[in-house]
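# Coordinates in review
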Number of protein chains: 2
Amino acid sequence: MIITVIGLGLIGGSIALDLKKANFSEKIIGVDNNPDNCKMALELNIADEIDSLENAVQKADIVIVAIPVNSTEKILFKILDNIKKETIVTDVGSTKENICLAVENHKNRKNFVAGHPIAGTEHSGPKSAFSGLFNNKTGIICDKEKSYDFAIKKIEEIYQILGMKIRYMDSNAHDLHIAYVSHLSHISSFALGATVLDKEKDESTIFDLAGSGFESTVRLAKSSPEMWTPIFQQNKENVSSALEEYIKNLQDFKKHIDNNDYDIIFDFMKSTNEIRRVLDGIKK
Amino acid sequence: MIITVIGLGLIGGSIALDLKKANFSEKIIGVDNNPDNCKMALELNIADEIDSLENAVQKADIVIVAIPVNSTEKILFKILDNIKKETIVTDVGSTKENICLAVENHKNRKNFVAGHPIAGTEHSGPKSAFSGLFNNKTGIICDKEKSYDFAIKKIEEIYQILGMKIRYMDSNAHDLHIAYVSHLSHISSFALGATVLDKEKDESTIFDLAGSGFESTVRLAKSSPEMWTPIFQQNKENVSSALEEYIKNLQDFKKHIDNNDYDIIFDFMKSTNEIRRVLDGIKK
């Protein structure tokens with residue numbers, strides 16, 4: 001099985017490492033706009049060879065597109081133009097609706113499986129890739145009925161090799177839910193980091209006062225703007241609604257503080273403690 | 001050295017465990033309103049004996065007050081009434097100004113050291129206590145000049161045993177900075193948890209879609225309302241200002257999304273990535 005991985009960063013690189021480890025791939029062909037990434041991917045044994053997008057797609061049995069979502073939207077149609085009859089193409093993007101719309105009417109649409117293996121760290125690039133990133137995480141497959149069965153089965157097999165639980169969802173519902181459960185977290189973290197950096201010109205004060213609580217809440221503010229700007233752009237409506245509700249909750253909280261309504265604040269926190277049960281579920 | 005620990009939860013319990021381990025204490029006397037906590041503290045070897053507040057204070061060489069900040073504010077004056085001449089009293093509260101004001105004019109004010117060992121987890125109660133909680137964290141000592149030198153030295157010794165770096169600050173400045181670097185993180189996390197719980201009535205969706213990013217951002221929403229409500233109350237003005245600036249940042253972010261100003265969003269995230277350097281500093 002020849003696998004072409006387009007985008008040799010954290011996600012693409014980590015998938016490649018796991019597929020090699022499982023002897024699922026006969027050869028991994030890497031594609032990346034950035035020559036440094038290509039060089040590093042060879043050194044780190046993420047890719048066996050590097051090729052141009054066109055060549056690598058033509059040679060592949062499976063194409064995995066692991067680049068920012070706006071770039072995926074742009075090149076996916078062209079990729080489907082160039083594949084062999086039974087080549088399977090999948091992506092890993094954190095938004096799904098626009099990507100699916102971009103190839104909706106392509107004659108090879110059924111060769112494409114819209115995927116979202118939900119894992120990541122705040123780091124990026126080939127160096128941040130590691131085997132096991134996806135273990136025990138969830139892999140979402142969207143609009144299953146629009147792909148060939150053999151294609152779905154092969155991507156399921158890959159997700160299983162990565163150690164993922166598989167869930168199925170409409171691309172539309174995916175984008176709505178992920179706005180709340182993932183995209184909003186990133187914005188809350190970026191806004192927190194900005195607020196603190198802006199206030200605390202003297203960084204040693206942050207350094208001295210920050211406990212692990214601050215560190216975990218602000219961790220996502222280290223994430224890559226190159227990756228996240230297109231995500232917010234593609235999921236604009238849902239992200240804007242989620243932000244609106246989040247801001248409303250914060251405004252209410254502030255109002256209760258300003259009005260000395262501490263019983264309401266207590267009850268709000270008590271009921272939100274419910275998240276503990278949900279998070280414990282995540283860990284199972 | 002007889003040490004009285006008032007409040008046998010995560011913080012008081014963890015301090016007790018470390019002081020016993022270092023053979024710094026001849027005896028730890030525990031005080032807690034909750035009989036279950038007292039029983040558990042004996043079982044877990046956090047305290048050697050349990051006594052009433054009054055008895056335990058009278059017997060102590062050092063009194064460590066590790067209860068919610070509003071309760072500290074209420075009983076600290078009475079504690080200072082009851083101590084022996086050279087007894088040292090310290091607290092661990094996440095707010096400092098009101099606590100210091102409460103005993104400002106006490107004849108034994110100089111026996112008191114206003115402290116904030118900055119560490120914690122989202123768990124509470126004696127069972128959550130563990131040796132090493134404070135290792136490599138920062139311990140703040142406030143209004144140093146208002147305490148006897150021998151009292152400051154002894155608390156510094158304790159912080160060193162706990163493995164903390166020591167910093168000095170005015171109680172006033174402490175409360176301002178900690179509003180941004182700690183209290184705001186907790187509110188952002190509670191509001192995030194509430195927004196997601198409210199939207200996602202079907203918890204299995206949260207469970208399936210939440211990556212580790214959500215988990216780390218929302219972790220503090222598991223924190224105890226009993227502890228945090230009084231903190232927000234005591235630090236009302238600073239917390240309200242910090243929240244106002246945070247909400248402003250989020251509103252700007254939303255406006256840029258709504259207006260398709262993605263270049264601005266990119267730049268905002270890029271400059272906030274600076275937090276990486278600060279966080280790496282925290283870890284040193």
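Residues numbered from 1 in each chain as written. Chains lettered and ligands numbered in written order. Predicted model: local features only at pLDDT ≥ 70, side-chain atom pairs only at ≥ 80, totals over all residues.

### Considering the pairing of strand E1 (residues 2–6) of chain B
Residue and element names in this part refer to chain B. Defined as follows: Burial is judged by counting other C-beta atoms within 10 Å of a residue's own C-beta: 20 or more means buried, 12 or fewer means exposed, and anything between counts as partly exposed, with every C-beta placed from the backbone. Counting from the N terminus, the helices are the DSSP runs of H or I reaching at least four residues and the strands are the DSSP runs of E reaching at least two. Whether two strands pair comes down to DSSP finding at least two bridges between them. Call a crossover right-handed when, viewed with both strands pointing away from you, the route from the first strand across the helix to the second goes clockwise.
Along E1, four of the five residues are buried, which leaves the element largely enclosed by surrounding structure. The pairing of E1 with strand E2 (residues 27–31) spans five bridges and is classified as parallel. Its bridge partner being in E2, Ile2 is matched across the sheet by Lys27. Handedness of the crossover joining E1 and E2 through helix H1 (residues 10–21) is recorded here as right-handed. Of the strand pairs in this sheet, E1 and strand E4 (residues 62–65) are connected by four bridges, and their pairing is parallel. Its bridge partner lying in E4, Ile3 is registered against Ile62.

### What to know about the sheet that holds strand E8 (residues 165–169) of chain B
Consider a sheet: its strands pair through backbone hydrogen bonds, and that pairing is either parallel or antiparallel. All names here are of chain B. Rules: The contact criterion used here is simple: two residues whose C-beta atoms, placed from the backbone, lie within 7 Å are in contact. Between the N-to-C directions of two axes lies an angle of 0 to 180 degrees, each axis being a line fitted to C-alpha atoms and, for a helix, fitted only over the stretch in contact.
Taken together, eight strands build an open sheet; the order of strands is E3-E2-E1-E4-E5-E6-E7-E8 and the sheet is mixed. Two strands lie at the open edges of the sheet, namely strand E3 (49–50) and E8, each paired on one side alone. Looking at chain direction, E4 and strand E5 (residues 88–91) are connected through four bridges and run parallel. Residue pairing across strands places Ile64 opposite Thr90, the latter belonging to E5. The strands touched by helix H7 (residues 171–199) are strand E6 (112–118), strand E7 (138–142) and E8; relative to E7, the strand with the most contacts, the crossing angle is about 140 degrees.

### Considerations on the interface of chain A and chain B
Applied cut-off: Residues are sorted three ways: Asp, Glu, Lys and Arg are charged, Ala, Val, Leu, Ile, Met, Phe, Trp, Tyr, Cys and Pro are nonpolar, and all the rest, Gly among them, are polar.
Taken together, the contact pairs 81 residues of chain A with 81 residues of chain B. Of all the secondary-structure elements, those providing two or more residues to the side of chain A that touches chain B are helix H7 (171–199), helix H8 (203–209), helix H9 (212–218), helix H10 (225–234), helix H11 (236–258), helix H12 (262–272) and helix H13 (275–283) of chain A. When residues in the side of chain A that touches chain B are grouped by element, the largest group, 20 residues, is from H7 of chain A. Among the residues forming the side of chain A that touches chain B, the class breakdown is 41 nonpolar, 23 polar and 17 charged.

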